[in-house]
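Structural overview
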Amino acid sequence: AQTVTQSQPEMSVQEAETVTLSCTYDTSENNYYLFWYKQPPSRQMILVIRQEAYKQQNATENRFSVNFQKAAKSFSLKISDSQLGDTAMYFCAFMKQRGSGTYKYIFGTGTRLKVLA
Amino acid sequence: EAQVTQNPRYLITVTGKKLTVTCSQNMNHEYMSWYRQDPGLGLRQIYYSMNVEVTDKGDVPEGYKVSRKEKRNFPLILESPSPNQTSLYFCASSSLGDSSYEQYFGPGTRLTVT
């Protein structure tokens, strides 16, 4: 069974600094998708970044980038120039398409990030 | 505005009193899903639907029912709620024709069962 592990329940970073959130997953699949979602205090789930497993190049979205290591099954999120608005819970998620055509999404347990002024 | 709506946003109820949480999306998405979020457990999938009249169990379906009679709506039904169903619930949708596989989430429903 697929699993997603976020080993850092809580982290903090100074404003303007860089922080990396870790995520590892376990799968025997070769084709899948990985996501980072942000959940601010408002509780709204917001997509931060996504990565297709078949792409070697690491995805980037402005200050957010990933380090995707397929062989190691690792998908870390790097936030550069941290801002107070980055304070949130961050969830790593895995998705694969089943043989039946359905989709399976699995989420990690989350990392609570606090950006300090 | 493209969105997923859920109602109610907050609900306090008593054990055994049937309730329904509604979910609606205006993006013509085929895929819809319900999750519950609990501290230390992340989001766990309850049920999902690939299209109208096509639903299937997720990882934690016990005590829940769903239906998908219309493409836009995917209500979550708790026939006899129990305190262990106290949780934060999210509805989400995504397009199967869009290779991004991004899920769009509703604002969440905080349910307390006493």
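Anything mentioned here points back to the structure above.
Quick notes on the rules
Residues numbered from 1 in each chain as written. Chains lettered and ligands numbered in written order. Predicted model: local features only at pLDDT ≥ 70, side-chain atom pairs only at ≥ 80, totals over all residues. Heavy atoms only, no water. Disulfide = S-S within 2.5 Å. Helix = DSSP H or I, 4+ residues; strand = E, 2+ residues; numbered from the N terminus. Buried < 20%, exposed > 50% of the residue type's maximum accessible area, 1.4 Å probe, protein only. Pairing = 2+ DSSP bridges. Contact = heavy atoms within 4.5 Å. Buried area = accessible area lost by both parts, 1.4 Å probe. Salt bridge = Lys/Arg side-chain N within 4 Å of Asp/Glu carboxyl O. Polar contact = N/O pair within 3.5 Å; in protein donor to acceptor, adjacent residues only side chain to side chain. Nonpolar A, V, L, I, M, F, W, Y, C, P; charged D, E, K, R; others polar.

1. With respect to the state of the cysteines
Residues and elements named next belong to chain A.
- Summed over the entire model, instances satisfying the criterion amount to 2 disulfides over all chains.
- With a sulfur-sulfur separation of 2.0 Å, Cys-23 is cross-linked through a disulfide to Cys-92. The chirality of the disulfide connecting Cys-23 with Cys-92 is left-handed, given an S-S dihedral of about -70 degrees. Separated by 69 residues along the polypeptide, Cys-23 in the loop between strand S3 (19–21) and strand S4 (24–26) and Cys-92 in strand S10 (residues 88–97) bring together distant segments of the chain. Just as Cys-23 is buried, Cys-92 falls in that class too.

2. Here's the deal with the sheet that holds strand S7 (residues 65–66) of chain B
All names here are of chain B.
- Pairing in this open sheet of 4 strands is antiparallel, and the strands run S1-S3-S8-S7 from one edge to the other. Each edge of the sheet is formed by a strand with only one pairing partner; in this case those strands are strand S1 (4–7) and S7.
- Bridge count between S7 and strand S8 (residues 76–78): 2 bridges; the pairing is antiparallel. Paired with Lys-65 across the strands is Ile-77, a residue of S8.

3. Comments concerning the interface of chain B and chain A
- With 28 residues of chain B at the interface, the matching set in chain A holds 21 residues.
- Roughly 2,100 Å² is buried in total at the junction of chain B and chain A, and carbon and sulfur atoms are behind 51% of that figure.
- Three residues stand out in chain B for area buried against chain A, namely Leu-43, Tyr-101 and Phe-105 of chain B, and they jointly supply 29% of the buried area on that side.
- Our count for the chain B to chain A interface comes out at 1 salt bridge.
- The shortest N-O distance in the salt bridge between Lys-104 of chain A and Asp-59 of chain B comes to 2.5 Å.
- Applying the counting rule to chain B against chain A returns 7 residue pairs in polar contact (both at pLDDT 80 or more).
- Where the side of chain B that touches chain A is concerned, the elements lending two or more residues are strand S4 (31–38), strand S5 (42–51), strand S9 (87–94) and strand S11 (109–113) of chain B.
- If you tally residues by element for the side of chain B that touches chain A, the top one is S5 of chain B, at 5 residues.
- Looking at the side of chain B that touches chain A, its residues break down into 13 nonpolar, 11 polar and 4 charged.

Structural measurements only, silent on function.
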